[in-house]
Every structure is written in C-alpha cells, then in structure tokens.
Amino acid sequence: MLFLPFEAVPLIFYWDGFFVLKTLQWNVYNSLTMSDSPDKNKAGFEPVSPQVNFPELEKERLARWYSEGIVNEYLHRNDQSDKYFSFMDGPITANNPMGVHHAWGRTYKDLFQRYKNMQGYKERFQNGFDCQGLWVEVEVEKELSLRSKKDIENLVPGDKKASIDKFITLCKERVFKFAQIQTEQTKRLGNFMDWDNSYFTLSDENNYMIWHFLKVCHERGWIYKGRDSVPWCPRCETAISQHEMLTEDYKEAVHESVFFALPVTGEEYELLVWTTTPWTVPANVAVAVHPEWTYGIWHEESLNRKIVILESGDWEEKVDPTKRVFEFVKGNWKKVGQVKGIELVGKKYTGPFDNLSAAQKAALEGPNSFHTVIPAKDLVTPHEGTGLVHIAPGAGSDDFKLGKMFNLPVIVPIDDAANYTNEFGPLSLQNAKKHPEIILDYLREQKFALATHHYKHRYPACWRCKTELVWKVADAWYISMDTVDPTDPQRQTLREKMKLVAQKITWLPEFGLDRELDWLSNMHDWLISKPNRYWGLALPIYECKKCGKFEVVGSRDELKEKAVEGWESFEGHTPHKPWIDEVKITCADCGETVERLGDVGNVWLDAGIVPFSTVKNHNQGDPLYLSNRAEWEKWFPIDFITESFPGQFKNWFYSLIAMSTVLENENPFKTVLGYGTSLAEDGRAMHKSWGNSIEFNEGADKMGADVMRWMFARTNPSENMLFGYKNADETRRQFHLKLWNIYNYFVTYANLNNWQIGESSELTPLDKWILSRLNSTLQSVTRLFDTFDSQKAAAEIEQFVDDLSLWYIRRSREREDIAFYATTYEVLVTLSKILAPITPFLADHIFTNLTSEKSVHLADWPGVKTELINTDLEAEMSEVRKIVEIAHAKRRDAQIKVRQPLMSLTTVTNITFTHDLNSILTEELNVKAWNHTKGDEQSLELDTTITEELRKEGDAREIMRMIQDERKKLETAMDELVNVALPAWPEEFEELIKRKTLISNLAKGEFAVTRIS
Ligand SMILES: [Zn+2]
Ligand SMILES: [Zn+2]
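Residues numbered from 1 in each chain as written. Chains lettered and ligands numbered in written order. Predicted model: local features only at pLDDT ≥ 70, side-chain atom pairs only at ≥ 80, totals over all residues. Heavy atoms only, no water.

### Some remarks on the pairing of strand 30 (residues 902–909)
Both faces of the sheet carry side chains from a regular strand, because those side chains alternate between them. Here is the rule: Burial status follows relative accessibility: with a 1.4 Å probe on protein chains alone, a residue under 20% of its type maximum counts as buried, one over 50% as exposed, and anything between as partly exposed. Each helix is a run of H or I in the DSSP string that is no shorter than four residues. Each strand is a run of E no shorter than two, and both are numbered from the N terminus. In this description, strands pair whenever DSSP reports at least two bridges between them.
Burial within strand 30 is extensive, with six of its eight residues counted as buried. Pairing between strand 30 and strand 31 (residues 927–934): seven bridges, direction parallel. Pairing of Thr 906 across the sheet is with Asn 931, part of strand 31.

Shown next, in the form of structure tokens:
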C-alpha cells in the first residue's frame, strides 16, 4: 500500500490567503483503501516537500551543474550557430568581495545571455575584471599600513626599484585573489560564464591595445601636455580626473571662512574679500570685481578703517550683500561713499604675505598684474561673499583660467602632499589642509582679518581615500576633444563625432542618451595621465627633456624596435612599473636619450578598450581585432551591455564611446540597459557601519539567489531599489512559494493518481483557458526579453502564476480527469523554461523532476503555440472572474458562507459567452444555476433564499470542514481512516461525509474525531 506522510501530501492548501480543502477523489480513495499494489506510481516524479528550503535546493543544483558538466554543455551548445549575440561584461573592480548591488547587474547579464543561448545564439560568455588603478593601491597600502608614497618606495629598505616591483606584485596578487572570490560569488548567484577565460584589464594585450589607441590619437594631433589647476588628493598625491569626481564624493564639510581686507594703494579704503579656503590666501595674486555693479565704501570710526563691498547691480532677486556681510563683520559701520566696479579695476593693493619670497617672485614675474583688481563678470555673485573675489591661479581651476586671460603670475603654494613649499617662510613644510589656523591666526594678528565664521558647504573628497581635495597646478596629458580630425573629410572634432556615435545607441531607459550627451557637451579634454602613482597602464609617452618633442609608442614591437637601452631588463615582464621604465628610446629630433613619462594612465582607458582587446576565439589567444578582423566584426558593435547608471556616463560608457569613435568611428555597443542604485530597506545607502548592509554570501544563503534575482529582474531599472530581507520574504511568499505549492500539488496528485506523461483526455474550457494564457504569456515574455525589459516580463509571469494558482488549480481541485494532469504538466514544463533565465535554480529543479532530462539550461526557448491562444476565451474567463468577485462580495454582505449552497445567480453584462464556463462559475460560487443574458444595462442578482434542502447541504459541508480540521490537528495520514462522533447530520449526505473524510465509523454523540488504533 502506498504510504505518504501527511506532510508530504497536504490535504489543505493555501490559496489566496484562505484555506481550501482538497478532498480525496473517489478513485484515489479506492486506490488507497482497496488496493495493495505497490507499483501504482507510474508518473514517478520525485516527491516534493512542502517545507522547501530554497537556499539548500540551490546549493544542491549548483553542485550538480558543475559536477555533471552542465555549465560546459551550456556554454558550447551553440558553437556551430551562425547567429551571434555579443555581450560585453563591464569589468568589476577586483578589489573586494562583490556586494549585493553588483548582483543586480549580474542578474541582467546572466538573464539575457541565458535567454539568447536558449534561442540558439552563439555567445562568448566572457566575464571581466578591472584590475589597475588607485583603488587597488589604496587597499594594498591599507593592508601594509603604509601611510605615504615614501613608505611604498621603501618597502624593500633602500631599494626603490625593488620596492615598486614588490608593491606591483602585491597589487596583482590582490586582484587575482578577489577575482577568484567574485567568481565564486557569481557562480552562487547562478551565473554560467566561461570562468576559465575571464578577461583582466591588467593583461598585456589590454595594455598594448591602449597604446595602439593612444598612438592613433597622437597621429591625429589630439594628445597634448597641458598645465592646469587640477583637483588633487594630498594623501594619494595624485590628480583626480573630472571623470572621477562623482556627486557622491562631495561631502558636507564645515570650514572656517574668513573676511579679510586688502589696503588699496593710494586710497583710504580696503578691499573686503571673503574665502572659504584660507589656506589659499598666500597664493593670492588678484581680486576680481564686477565692472558694472556698484560698490559701497563703509567707515568704522573706532577701527579707523574703510572697506569696500558690493552694494547694487542688475541682479533680479532681492538680495542685499551688505546686510549679509555685516552679519559677520561687526562694528558700527556707516556708508560714506560709492565706487563703480570699473573704477576699482586696475587698482593695486597690498597682500598679507607680501614679505614671503613666493609673493616677491610673483611680483617680479608680473609687475603689471600682480595684486591688481581685475574685472570678471562671471565670477562675481551677489549671493555669496562680498562681491570682491580672491583669485589664486595656483589653487583653483576658475582662477587658473582667469589667470591665463589676464596674464597673472602663478603662485603654487603647496607640494604634492599639500605642504607649503619652501618659498613660504614660516609656513614652509606646514600642511595647508591640516592646519588652516596658521593662516587664520596670522591674518588676525596682522589685522587683515575682520571676521571669521564656520561655513558649511559641499566639498569634494577623494573617491578612494575620502581625503578632501585641493586644487593644484600640475602638468598633465590630455586627449583633445575639440581639435579637428585631420583624417576626416568633414573636419569634425572628437567631441562632435562622439555625440553622433552616442545617438546611434539604444539607451534604456531613454533618458540615458540625454545624460550622455550632456556629459559629452560639457566635459573638458580627457585627462589621461595620473602622476606619482604605480599600479596602472604605463602611458607610452616619451618626452624629450632637451627639445620638448614627444612620441607615443603604439605597440610592444614598436618599443622593441626603438629601444636603445634596457630592453633586456624589461623582457619577460608585464608592461608595468618598474620594468617598463628600464626601456629608453632616442629623440627623433635631437638624438637625446628619452625615458618614458613616469605617469600611469587614467583607469577608464583600461575598461574602454575591452571591445578591441578581449574579443578572441573562445576567449583565448590573440585579440581578433588585430589578428582576424572579419571574425572580430561578427562581435562588434557589441549587442548589449548593462551597468548601473550613476557614474558610468562619465566613465565606462564614455570611455567605450571615446575609444570606439577614435578607432572605428562606430558605436561600441548597440543597446545599453542602465539601472539605478540599490539602497537598504530603510531608504539609505547600505553601509556596514549603519548596520543596514547585506553581504552577498549571507544574502544568498538567507534569501536564496533565485529570490534575489527575481527582485532584481522585477524592479524598475530607472529607479533606485530597496533591497533587504523584508522585501525578499514578501517576494518569496508572493512568487516562489506560490509556484512551489502548485508544483507540489501537481506532483503529489499526479503520483497518487498514477498519471503518466502523455496520458490525456478531452480538455475542458478551463484547460484550454490556462493553455491560452500560457502561450500568450510566453508571447509577451519573448517580446519583452527581446527588448531587454525584464521588469515587464517578470510582471507578466507573476500574473500568469497568479492565474494558475488562484483560478486554474483552485477551480480544478475537485477534478478527477487526466486532462487536468496533462494540462498542468504542459504548463509547468513550459513555465520552467520561461523561468530558466530569471530563476535558474527553481526552474531547473522543476524541469528535471518533471521531464527527467538533464537540465532546463540545455533546453530551447519554447515556441509560442499560437493555435492555443484563444483571446475570446481569455476575455470570457476574465468576465467570469469579475462576476465571481462581485457575487462573493454579495455573499459576504449577506453573511452567507461559501459552503452554503444557493439557488441561483442572474447576470446581465455586455458579453456573450461562447464557451461553456457555466460549471466553473457555479462551482466556484456554490450556486445551483447561473442565468446570463447579454445587455447594456449591467446587473448581478444573487438569490440568497436558503431553502431547507439547501441548508442541509450547507450543514453537511460544514461538518466535513470540521472533520478535516480535526484530522489536521491529529496529524492523521491522508489515507488514514478515523472514527467520528456527531450530535446530528443530514442523513441524505451521510455517505458523502463518510467518503470525503475517510470515516470508518460514524456514531451519534458529542463531536469528536478519533484515530482507530
Ligand atoms: Zn586619496
Ligand atoms: Zn629632443
């Protein structure tokens, strides 16, 4: 006799929040009670546990996928196909374990590659790691507790080259270590990739391909050396490029600002100037005013001082700069005169640090412009300060530009670590950022300062180490955005070309294009050099110190050919410091021996080149771009990339477009799916210190990767998402468990009924309806996946599973025909294929149990059976469900339970029912008859009269429910007979009650259900 524990065959299922009894079917009852044959289970599905543990199930699947070679079969199933789907992985920084926010993008990446694989496209499945750059250096420095560049260069005491070599080796090791960790994490997420052939941006071919790119830029005359005031991190001692300055790296900072007065030569008044960066005052060379605005002269008798501040101008808003200034500059100030801005222009003034050699040198350098008032309409605002602006070209980028315009001398106040240089007397070697008080104290003592106050503003910080940035004048190398391309007959600039290329791309969401164009319109030239650092692309720029000519080397072979020194020491090493710097070449103009520029490259060069450097046959060997262009063109432009939007417009998307425009004048990718930021459930960013961050492995093991993936696939990519355990629980309950219950129900009863795959009988309208829904869902999902819209696709699937659960299975629970099993089987097998890209674990579990095939991930994407789509039937069923909803509400209003049968329902709606849905409606509503007519006046009437006959039937159903509840409490086996005592029961229903609740002996007495043994 077949025996199943009660837990494995729940008699009671949850549907839509309330209990529904699954009563035993007569044939099942017979097979249980009258047959001892052990081999009735023809279907032979593995029994399903209702207490499913998804993370455990996932681990079991994961082990199987690798041990049985399923991943490998999956990767190569379309090797012979001539359809290509080219995906490019945006390289993840291999510097830390992956976070849950990375899992968002990785879900899309896997999802769409899986979908295309099922559709028969040949793919590369290459995963990428971003390896070089300051981010890695900073972490290695932390590990070794290094505090400065000096520490790095003394890792091997007294041997700088060996020290740098060791540091570079440690950077590489760190990258490989975390690449391995991230690989394991991504496997856990369910992704199938060609793990053995991931690309690393530190590879020789990646670095040399960038050389090739830079050489092309140089040939067009786009590479130049500039001197500019650049954002600078004093801890990392390097320039921070405009690309790297993200809004999130600005932080709220409070600085002590100062109002200081500068005596005007030949006048009684002083210029009142305000700055939030007092450390830059020693670098002051000019004061800017608005030439058309009016300034007031104010006198304070007890101080015996007169100051000039902005008074009025043609600004529209009601702002009074004088009032704001006197809020801080205390005293009994009285207005004694006026002066136009233009009258101030050209006046000379005395500065607080004029005795220092830096100032004296600047005075000699620009005797006409030093400490002079200059006009600058754009810099002067009535909203801030005094209307007189402190100009220090050596310490600010606007100031630097203005300095060029007015030919101002430049005082560079600080060194790479933000210490005052040795031209600043007592200030020398003091740290400008750490000790602003040395300036403030001096200004107060020397009576320059009239007031100071704490000022809160948003101030940029280093994106890696969070140190506040300074602006520093430095030599830097750029790619020009606005120099015309000499090889281009249309004489376009790189900026113009890039904007055209960006418009060829499909941006999802659509606003991506505007964001990219906005960046392309406003960005400066591309700063490609990073001074003073170690771990990065060796910029192949060789600048002659003697004559100034520079050369860009475009390949390893070219360097070898030009090398006049050091090739032997370099040979056998990767093109990194310190070994690459051994190689020297000769200046083509003057014959001088020239060494490589010490700088490393901007990291986005590394990631932008990957469409050229990483596309290889089976992800191995030489890049196809240079070795087999015809084959490379099959993969280029890339069909699809997906990354988180914030930052990437300036970074990866930008560098991909720039490099592809230079090399091919072509869009690097056809479609980009961008997505927002994942936040914690409290709506804040995830931070370890705030206790709201979720570590990936922990998240996967607690919520399950499939639940995580569903959340990501289902979310709106253009918005930020809230990610956490509460949402995960809700998702699991709403989707995964609902599906599991259906699957469990099917397997349980298909096994019990000995249903065999292929067996069927005539389909009911309900069966036809769910098969129509299945195929129309499949049709929509296919269309949505084709446009990379997983959000709507997942919503369609959710709706379908709801229909399946809340209507099809629910309405089928009394059925005894095998058409039900045949239909549900077809639905579940097809559904598992549709789900395979989103929930690879659950889909594979269901599929393999139902089909005994190896894996759903080796299956084809199902074709839509359009002949099964019946839109009329779907519309009619939808109408039935609407009617049912209203009728149930009427029952509730009349306080009549669903178990109480009623005589009839009469409806008028504007629909004619062409399918026989009568029994579906009457059974659901527990009414004896349904009368429907088509008409414009819609109405619904439920006959609530309860006759004696109806009451008895209702009582019988109530009794059955009570007995089932007791059986559940007693934990009886589903096939276990029980004895029941009842005070009374309607005799005409006695047989039904006994049969449906498996009663051996029914006796009169107080209500009780007892086990027989
Ligand atoms: Zn830094
Ligand atoms: Zn030279």
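### Concerning the coordination of the zinc ion (ligand 1)
Put simply, the rule is: We call an atom a donor if it is N, O or S and sits within 2.8 Å of the metal, or 3.2 Å for Na, K and Ca. Water is not counted, so some sites may look partial. The geometry test gives tetrahedral to four donors whose angles all lie between 85 and 135 degrees, gives square planar to four donors and octahedral to six donors whose opposite members are over 155 degrees apart with all other angles between 65 and 115, and gives irregular to the rest.
Ligation of the zinc ion (ligand 1) by protein atoms is provided by Cys 233 (SG), Cys 236 (SG), Cys 462 (SG) and Cys 465 (SG), these donors lying 2.2 to 2.4 Å from the ion. What the four donor atoms of the zinc ion (ligand 1) show is an angle range of 103 to 116 degrees at the metal, which sorts the shape as tetrahedral. Donor residues binding the zinc ion (ligand 1) come from one chain and are separated in sequence as C-x2-C-x225-C-x2-C. Among the residues examined, Cys 462 registers a relative accessible area of 0% and is labelled buried.

### Concerning the confidence of the model for the protein chain
Quick note on the threshold: As a per-residue quantity, pLDDT reports the predictor's confidence and falls between 0 and 100. In this analysis, two residues are considered to be in contact whenever any of their non-hydrogen atoms come within 4.5 Å of each other.
For the protein chain, the average pLDDT comes to 92, and 96% of its residues sit at 70 or higher. A low-confidence stretch, residues 1–41 stays under pLDDT 50, and its non-local contacts, those more than four residues away or across chains, total 92 contacts.

### A few points about unusual backbone geometry
Peptide bonds are trans in most cases, and residues, glycine excluded, mostly fall at negative phi. In the segment running from Lys 577 into Pro 578, the intervening peptide bond is cis, with an omega of -5 degrees. Considering the arrangement of structural elements, one finds Pro 578 in the loop between helix 17 (567–570) and strand 23 (584–586). Following Phe 636, the chain continues to Pro 637 via a peptide bond in cis, the omega torsion being -10 degrees. One non-glycine residue, Phe 125, adopts positive backbone phi at about 55 degrees. In this structure, Asn 926 takes a positive phi of about 55 degrees despite not being glycine. Among the secondary structure elements, Asn 926 is positioned in the loop between helix 31 (918–925) and strand 31. On the basis of relative accessibility, which here comes to 8%, the residue Asn 926 falls in the buried class.

### Concerning the sheet that holds strand 3 (residues 92–93)
Strand order across the open sheet formed by three strands is 3-4-5, with parallel pairing between neighbours. Two strands bound the open sheet, and with one partner strand each, they are strand 3 and strand 5 (199–200). Alignment of strand 3 against strand 4 (residues 128–130), held across two bridges, turns out to be parallel. Within the sheet, the bridge partner assigned to Thr 93 lies in strand 4 and is Asp 130.

### Quick look at the pairing of strand 8 (residues 250–263)
Sheet topology note: the strand 8/strand 16 (residues 449–460) ladder contains eleven bridges and is antiparallel. Of the residues in strand 16, the one forming a bridge with Val 258 is Thr 452. In terms of strand pairing, strand 8 meets strand 9 (residues 269–275) through six bridges, oriented antiparallel. Each bridged residue has a counterpart across the sheet, and for Ala 261 the counterpart in strand 9 is Leu 272. The antiparallel hairpin formed by strand 8 and strand 9 contains five residues in its connecting segment, where Gly 266 sits at a positive phi of about 80 degrees.

### Describing the coordination of the zinc ion (ligand 2)
In the first shell of the zinc ion (ligand 2), the protein supplies Cys 544 (SG), Cys 547 (SG), Cys 587 (SG) and Cys 590 (SG), at 2.2 to 2.3 Å from the metal. All donors of the zinc ion (ligand 2) belong to a single chain; written as a sequence motif, their spacing is C-x2-C-x39-C-x2-C.

### A closer look at the pattern of salt bridges
Our working rule: Criterion for a salt bridge: a side-chain nitrogen of Lys or Arg within 4 Å of a carboxyl oxygen of Asp or Glu.
In this structure the tally under the stated criterion is 82 salt bridges. Linking Glu 143 and Arg 174 is a salt bridge whose minimum nitrogen-to-oxygen distance equals 2.5 Å. In this pair, Glu 143 sits in helix 5 (residues 134–143) while Arg 174 sits in helix 7 (residues 160–188), placing the two residues 31 residues apart along the sequence. Judged by relative accessible area, which is 53%, Glu 143 ranks as exposed.

### Comments concerning the nonpolar core
Where we set the bar: In these notes, a set of buried Ala, Val, Leu, Ile, Met, Phe, Trp, Tyr and Cys residues joined through side-chain atoms within 4.5 Å is what counts as a nonpolar core.
Counting 223 residues, the largest nonpolar core has Phe 213, Leu 214, Ile 479 and Trp 526 as its most contacted members. Sorting elements by how many residues they give to this core places helix 25 (residues 725–752) first, with twelve residues. The contact partners of Leu 214, leaving out residues within four places of it in the chain, are Ile 223, Ile 479, Ile 528, Leu 537, Leu 539, Pro 540, Val 552 and Leu 605. Of all hydrophobic cores here, the second largest spans 61 residues; its members include Val 258, Leu 356, Ile 411 and Leu 443.

### With respect to the sheet that holds strand 33 (residues 978–982)
For the record, the criterion: To get an axis, a line is fitted to the C-alpha atoms, and for a helix only the part in contact is used. The angle between two axes follows their N-to-C directions and goes from 0 to 180 degrees.
Read across the open sheet, the three strands follow the order 34-33-35; overall the sheet is mixed. Strands with a single pairing partner mark the edges of an open sheet, and in this sheet they are strand 34 (999–1004) and strand 35 (1008–1011). When the angles between neighbouring strand axes are averaged without regard to direction, this sheet yields 20 degrees. Across the sheet, helix 32 (residues 948–970) is in contact with strand 33, strand 34 and strand 35; its angle to strand 35 comes to roughly 40 degrees. Its contacts with the sheet put helix 33 (residues 990–997) on strand 33 and strand 34, and the angle it makes with strand 34 is roughly 135 degrees.

### A short note on the environment of Ile 609
If you trace the backbone, Ile 609 turns up in the loop between helix 18 (603–608) and helix 19 (610–613). For the pair Ile 609 and Trp 652, spaced 43 residues apart in sequence, the C-alpha separation works out to 9.8 Å. Ignoring any residue separated from it by four or fewer positions in sequence, one finds Ile 609 in contact with Asn 206, Met 209, Ile 210, Phe 213, Met 659 and Leu 663.

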